[in-house]
Amino acid sequence: MSTIRLEIVTPERIVYGEEVNMVIVKGELGEIGILPKHAPFVTPLVISVVRIKKDGTEQEVAISGGFLEVNPEKIVILAESAELPAEIDIDRATAAKERAERYLAKIGAESIDFRRAELSLQRAINRLKAAIRK
Amino acid sequence: MQGTREIKRRIKSVQNTKQITKAMKMVAAAKLRRAQERAEASRPYSDKMKEVITSIASRAEDVEHPLLEVRNVKKTGYLVIGSDRGLAGGYNANLLRKAVQTIKERHQSSDEYVVFSIGRKARDFFKKREYPLIGEIIGISDSPTFADIKEIAKTAVNMYAEGIFDELYLVYNEFISAIQQTPIEKKLLPLVATEEETQDVRTQIDFEPSAEEVLNVLLPRYAETLIYNALLEAKASEHSARMTAMGSATDNAEEMIGVLTLTYNRARQASITQEISEIVAGANAL
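Remember, it's a predicted structure, so these values are computed and weren't measured experimentally.

Reading the values: the criteria
Residues numbered from 1 in each chain as written. Chains lettered and ligands numbered in written order. Predicted model: local features only at pLDDT ≥ 70, side-chain atom pairs only at ≥ 80, totals over all residues. Helix = DSSP H or I, 4+ residues; strand = E, 2+ residues; numbered from the N terminus. Buried ≥ 20, exposed ≤ 12 C-beta atoms within 10 Å, placed from the backbone. Contact = placed C-beta atoms within 7 Å. Domains from an automatic or database assignment. Pairing = 2+ DSSP bridges. Nonpolar A, V, L, I, M, F, W, Y, C, P; charged D, E, K, R; others polar. Axes fitted to C-alpha atoms, helices over the stretch in contact; angles between N-to-C directions. Parallel < 35°, antiparallel > 145°, perpendicular 65-115°, else oblique. Left-handed = near helix turned anticlockwise from the far one by under 90°. Core = buried A, V, L, I, M, F, W, Y, C linked by C-beta atoms within 7 Å. pLDDT = per-residue confidence, 0-100. Expected span 1.5 Å × (residues − 1). Bend = angle between axes of the 7 residues up to and from the residue.

1. Points about the overall build of chain A
Right, on to step 1. Along chain A, the regular secondary structure elements total 2 helices and 8 strands.
Right, on to step 2. From first element to last, N terminus to C terminus, chain A shows the α and β order β-β-β-β-β-β-β-β-α-α.
Right, on to step 3. Structurally, chain A occupies a C-alpha span of about 50 × 30 × 25 Å along its principal axes.
Right, on to step 4. The 134 residues of chain A split such that 34% are buried.
Right, on to step 5. The long-range share in chain A, meaning contacts at least 24 apart out of those at least 6 apart in sequence, stands at 51%.

2. Points about the overall build of chain B
Right, on to step 1. Check the secondary structure of chain B and you find 5 helices and 6 strands.
Right, on to step 2. Here the C-alpha coordinates of chain B stretch approximately 115 × 45 × 30 Å along the principal axes.
Right, on to step 3. In chain B, 78% of the contacts between residues at least 6 apart in sequence involve partners at least 24 apart.

3. Focus on the environment of Asn72(B)
Right, on to step 1. Within the secondary structure layout, Asn72(B) lies in the loop between helix 1 (4-59) and strand 1 (76-81).
Right, on to step 2. For Asn72(B), a count of 5 C-beta atoms within 10 Å corresponds to the exposed category.

4. Digging into the domain arrangement of chain B
Right, on to step 1. Along its sequence, chain B is carved into domain 1 (4-26 + 245-279) and domain 2 (35-242).
Right, on to step 2. Between domain 1 of chain B and domain 2 of chain B, the C-alpha centre-to-centre distance is 48 Å.

5. Focus: the environment of Val50(A)
Residues and elements named next belong to chain A.
Right, on to step 1. Note that Val50 resides in strand 5 (residues 41-54).
Right, on to step 2. We classify Val50 as buried; it has 23 C-beta atoms within 10 Å.
Right, on to step 3. Sequence-wise, Val50 and Lys26 are 24 residues apart; in three dimensions their C-alpha atoms are separated by 7.3 Å.
Right, on to step 4. The contacts of Val50, once residues within four sequence positions are left out, are Val23, Val25, Glu60, Val61, Ile63 and Ile77.

6. Some words on the pairing of strand 7 (residues 74-79) of chain A
Residues and elements named next belong to chain A.
Right, on to step 1. Among the 6 residues that make up strand 7, 5 are buried, leaving the element largely enclosed by the rest of the structure.
Right, on to step 2. Alignment of strand 1 (residues 4-9) against strand 7, held across 5 bridges, turns out to be parallel. Note that in strand 7 the partner of Glu7 across the bridge is Val76.
Right, on to step 3. Count of turn residues in the strand 6 (residues 57-70)/strand 7 antiparallel hairpin: 3 residues.

7. Describing helix 3 (residues 120-128) of chain B
All names here are of chain B.
Right, on to step 1. Of all the residues in helix 3, the buried ones are Lys121, Ala122, Arg123, Phe125 and Phe126.
Right, on to step 2. Those residues of helix 3 that are buried lie in contact with strand 1, helix 2 (91-106), strand 2 (113-118) and strand 3 (133-137).
Right, on to step 3. At the exit of helix 3 stands Glu130, carrying a positive phi of roughly 60°.

8. Comments concerning the interface of chain B and chain A
Right, on to step 1. Counting from both sides, the interface comprises 21 residues of chain B and, opposite them, 20 residues of chain A.
Right, on to step 2. Listing elements by their share of the side of chain B that touches chain A, those giving two or more residues are helix 1, strand 6 (206-207) and helix 5 (211-285) of chain B.
Right, on to step 3. Looking at the side of chain B that touches chain A residue by residue, the class counts come to 13 nonpolar, 5 polar and 3 charged.

9. Looking at the sheet that holds strand 5 (residues 180-189) of chain B
All names here are of chain B.
Right, on to step 1. Across the sheet, which stays open at both edges, the 5 strands sit in the order 3-2-1-4-5 with mixed pairing between neighbours. Strands at the two margins of the open sheet, each flanked by one partner only, are strand 3 and strand 5. Taken over all neighbouring pairs, the strand axes of this sheet differ in orientation by 20° on average, direction set aside.
Right, on to step 2. Pairing of strand 4 (residues 167-177) with strand 5 involves 9 bridges; the strand directions are antiparallel.

10. Some points on the packing of helix 4 (residues 146-161) of chain B against helix 5 of chain B
All names here are of chain B.
Right, on to step 1. Following both chains from N to C, one finds helix 4 and helix 5 inclined at 125°, their axes separated by 9 Å at the closest point. Overall, the two elements helix 4 and helix 5 adopt an arrangement that is oblique. When you trace helix 4 past helix 5, the crossing you get is right-handed. Touching Phe146, Ile149, Lys150, Ala153, Lys154 and Val157 of helix 4 are Pro220, Ala223, Glu224, Ile227, Tyr228 and Leu231, all from helix 5.
Right, on to step 2. Among the residues making up the contact of helix 4 with helix 5, the classes are represented as 9 nonpolar, no polar and 3 charged.

11. Quick word on the nonpolar core
Right, on to step 1. Counting 92 residues, the largest nonpolar core has Tyr78(B), Leu79(B), Val80(B), Val171(B) and Ile227(B) as its most contacted members.
Right, on to step 2. In terms of residue count, the dominant contributor to this core is helix 5 of chain B (18 residues).

12. A closer look at the domain arrangement of chain A
Residues and elements named next belong to chain A.
Right, on to step 1. Each assigned domain of chain A is listed here: domain 1 (4-85) and domain 2 (89-133).
Right, on to step 2. Centre-to-centre separation of domain 1 and domain 2, based on C-alpha positions: 23 Å.
Right, on to step 3. Each partner contributes to the interface: domain 1 provides 8 residues, whereas domain 2 provides 8 residues.
Right, on to step 4. Of all the elements in the fold, those that place two or more residues in the side of domain 1 that touches domain 2 are strand 5 and strand 6.
Right, on to step 5. Grouping the amino acids of the side of domain 1 that touches domain 2 by side-chain chemistry returns 4 nonpolar, 2 polar and 2 charged.

13. Describing the confidence of the model for chain B
All names here are of chain B.
Right, on to step 1. Residues at a pLDDT of 70 or more form 93% of chain B, whose mean pLDDT is 85.
Right, on to step 2. Highest mean pLDDT in chain B belongs to helix 3 (92); lowest belongs to strand 6 (79).
Right, on to step 3. Predicted as a complex, the structure gets a pTM of 0.82 and an ipTM equal to 0.74.

14. Some points on helix 4 of chain B
All names here are of chain B.
Right, on to step 1. With 16 residues, helix 4 ought to run about 22 Å at 1.5 Å a step, and its terminal C-alpha atoms sit 21 Å apart, in line with that.
Right, on to step 2. Roughly 30° is the biggest bend found in helix 4, and it falls at Ile152.
Right, on to step 3. Buried-residue contacts for helix 4 involve strand 1, strand 2, strand 3, strand 4, strand 5 and helix 5.
Right, on to step 4. Gly163 sits one or two positions beyond helix 4 and adopts a positive phi of about 85°.

What follows is the structure in C-alpha cells.
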C-alpha cells in the first residue's frame, strides 16, 4: 500500500508527522478522504475528528478547525489546536462541555457570546468524542 | 571602633541580594532557552500559512479582502507587547519610549489612534498617561500558548476588518541575540502581499469551496499567528533582558562585597591597632 507523509501542525508544535495510507477529514462541504497521489488541494476544516489510517490501524486526532493542504510530497493540516486521544483530559473537556451548556441556556441566541459558547461546546464535545471512541 | 558591625550587616545584605539576583539570572536563562524553542516550534505553522496564502495570491490576479486592502488612514491601532514583571533592565522602558515616540511623531491628537496592551507594565503605563487603551491582557505565562492571546488577536483583527482603525502596528522587543534586544514597530495590517516571488511553477491547486472562501478564513488566522509569533519573540527578549540585567546585578553585588570587605578589614585592623596602643599606653603609665 502506498503511503504519504501527514503532518499536523499547530502554532505551538508539530502534533503528528508520519507516513500514512489515508486521511479522512471533515471540510466545510463534508467529509473528504485523501489518499496518496491526490491532486494539490486546499480546504478549510471544521471542528472535528481527523481519522488517520495507517497499516490497517486507525488513529484519531481532535482538531479545532483549521486547514488541509495537500501537495505532491505531503499532506499538511494546520489547526489552531490538535490533540491525540491520549493527550485529552476527559475531566477537563467534560467540565468545559457543562460550562458551555449552562452558559448557552442562560444567554440569548442574539448575543455574540452565544456563538463563542457554541464553538467551545463543539470543541469540548469533539474532544470527548475522540477520547472516548478510542 | 564603631561601624564595623554596620559594615558587616551591609555585607550580609548585599550577599542576600546577590543570591537572589543570581537565582533569577539562572531561572531567566532556563526560560530563555524554552522561549527560543517555542519560537522555533511555531515557525512551521506560520511558514506553511504564508506559503498557502502566497500560492493563492499568485494564482488569483485580483484577490480582494479587507485585510489586504490599503485604506486611507484615519485611525491607527497599536498593539504593544510588554511584560508583567519588572527587573528586566530597560526592557519595558525602552519599549514604551519607542511606542510613545512613534505615536507622538505620527499623531496630533488622541482621536487618531488606539492602543492595545499586553503585559501589566505596558497597561499601567498607558492607563496612567490616559492613552486611548481599548484592549489589554495581563498575566500571560512565560511560555504563552496560542489560546492565551487568541482573544486579543481576534479583537484586533476584527476591529481592523470592521474599519474601526485603518492600520495596525505591533510594537515589541525584537530578539536579536541573547544580549541584544531592540524595540521595533512593525506594520501588521493591512497585510503586505508577499513581495518575494515564489513562482516555482507549482501545479494548479484545487480550492474547496473556492479560493476566496479559503482566503477569507485563512487571512485572519494568519494575522493572529503573526501576533502570536511577535509575542513569543517578545517573551524571549524579556527573558534574555532579565538574564543580562540580573547578571550585571550579580556582578555589581560581588564588586560591592569586595569593597565592603576591604573597608571592614581596615576598620577591624584600625580598631585592633587602637586597642593595642591603648594597652601599651596604659602599661607605660604604670
